[in-house]
Amino acid sequence: MLANKTIVLIISGGIAAYKSLDLIRRLRERRARVRAIMTRGAQQFITPLAVGALTADKVYTELFDREAEQDVGHIRLARACDLVLVAPATADLMAKMAHGIADDLATAVLLATDKPVLLAPAMNPKMWENPATRRNTEALRGDGKKFAGPKSGEMAERGESGVGRMAEPLEIADAATDLLLHRRPPTPDTAKPLAGRRIVITSGPTHEPIDPVRYIANRSSGKQGHAIAAAAAAAGARVTLVSGPVAQPDPAGVKVIHVETAKEMLQAVKNALPADVAIMAAAVADWGVASEGDQKIKKDGSGHPPALDLVENPDILATIGHNDTLRPMLLIGFAAETQNLIENARSKLARKRADWIVANDVSHEFGVMGGDRNTVRIVDAGTVEDWPSLNKVDVAKRLVDKIATFFSGTAVDMPEAEEQ
Ligand code: CTP
């Protein structure tokens, strides 16, 4: 598939460097020629010998390498290829790239290349979230650099999770193949009512770990949130669905980010923004366990159950509602209430700075959670719309129609086809 294509693979110094070995294998399976550059940091994690054995080529490590300068030189290395792939891309390397620093072979090649550049970031979630890294990522995107990942999940650091894990080698190889073969995601269908709109949706429950085998959960099935994602995608929107653990299949044409905990969900939502609309349909656990144990909690023979120390989780809707930079033009929350439906929905609307609340009275309609039907009222600051009892798919379609009406007459800023 990639015969006649040459990829310069830059491996920088992160623990994910070990995955680059598999990435080389994946790229070579597709018949690409891979020329590897390793930073000093990368060589702390894997050896040039292992990399060279897999690329079946010389491994480049030094900017001022007499042999290499005569042989190829960093300028030729930067140009005599079809793609420069950086995996893992550390926060440090991205910072240098964003500022045009060229103080080693990897950064000099990145500054000198006129070929497409694909980055697979890998770092601790706190480093990924850091405003400096956010700025650098935006600057690199603005410079036309493409990204694969990072993903959310467990980090190498014990007990840490969040967004920052390097995408899997196969996903990176796919992103590289798409770029090399000029395969682009389909352009938005302008005839559709939400064409060009970006929508972020949360769905399902969250799981809050107690110990390695137990967690706190709730009965949310994700049916309503997933149905909204499917309906929005069918209406032409570019949808990112941030889903807790559910049995629902990923809706077609939707980018799905799978998370477990409320904290991971918040981070994934922040990463997916900015957007035109955010719809928070997830039943986010209000509390997590203060310190998740490393070991399974055992009965101690005293007959007394262990005390679980709970801490309040971040409120995703309220966090986004109060963040003027991230807040989309239309922010929609859900509220399941057993009493004083409108009053409680209005107070949530104000407290969380949402525009609409999709409220349902769960006191009579037992089985909304996990069931197929929903009777909702749409509450905004001044009005209440009563909808009849509908199938969740029909609630989703009607909500998407209402969103389309909200935006009708407003110009769409047509985005370019996205990477990944
Ligand atoms: N929500 C959220 N993050 C949380 C809790 C809730 O984003 N940690 C969102 C839900 O996705 C929903 C809305 O807030 O859109 C209302 O959720 P609900 O559980 O009804 O609100 P609470 O703030 O938990 O209020 P209550 O006191 O009724 O539990």
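Further up the page is the structure itself.
What counts as what
Residues numbered from 1 in each chain as written. Predicted model: local features only at pLDDT ≥ 70, side-chain atom pairs only at ≥ 80, totals over all residues. Heavy atoms only, no water. Pairing = 2+ DSSP bridges. Helix = DSSP H or I, 4+ residues; strand = E, 2+ residues; numbered from the N terminus. Contact = heavy atoms within 4.5 Å. Axes fitted to C-alpha atoms, helices over the stretch in contact; angles between N-to-C directions. Patch = residues over 30% accessible without salt bridge, like charges linked within 9 Å, V, L, I, M, F, W, Y side chains within 5 Å. Areas by Shrake-Rupley, 256 points an atom, 1.4 Å probe, with all protein chains shown as cover. Salt bridge = Lys/Arg side-chain N within 4 Å of Asp/Glu carboxyl O. Parallel < 35°, antiparallel > 145°, perpendicular 65-115°, else oblique. Left-handed = near helix turned anticlockwise from the far one by under 90°. Nonpolar A, V, L, I, M, F, W, Y, C, P; charged D, E, K, R; others polar.

A. How the structure looks around the sheet that holds strand β5 (residues 117-121). Taken together, 6 strands build an open sheet; the order of strands is β3-β2-β1-β4-β5-β6 and the sheet is parallel. In the strand order of this sheet, the two ends are held by β3 (59-60) and β6 (146-147), each with one partner. Across 2 bridges, β5 lies against β6 in parallel orientation. Bridge pairing in β6 places L119 opposite F147. Helix α6 (residues 91-98) contacts β1 (6-11), β4 (83-89), β5 and β6 of the sheet and is inclined by roughly 145 degrees relative to β5.

B. Structural view of a nonpolar patch on the surface. A contiguous nonpolar patch, built from I15, Y18 and F45 and spanning about 330 Å² of accessible area, is present on the exposed surface. Mapped onto the elements, I15 comes out in the loop between β1 and α1 (17-29).

C. A look at the packing of helix α11 (residues 223-234) against helix α15 (residues 392-407). It is the contact of α11 with α15, at a shortest axis distance of 8 Å, that shows an interaxial angle of 45 degrees. If you check the angle between α11 and α15, you find them oblique. Judged by the sense of rotation from one axis to the other, the crossing of α11 with α15 is right-handed. Every residue of α15 that contacts α11 at K223, Q224, A227, I228, A231 and A232 is listed here: K392, V393, V395, A396, K397, L399 and V400.

D. Region of interest: the packing of α6 against helix α9 (residues 131-142). Here α6 crosses α9 at 50 degrees, and the two axes come no closer than 9 Å. With respect to their mutual orientation, α6 and α9 come out oblique. Crossing of α6 against α9: the hand is left-handed. Contact with α6, carried on its side by A91, M94, A95, M97 and A98, involves T133, N136, T137, A139 and L140 of α9 and no other residues of that element. Classifying every residue of the contact of α6 with α9 gives 7 nonpolar, 3 polar and no charged.

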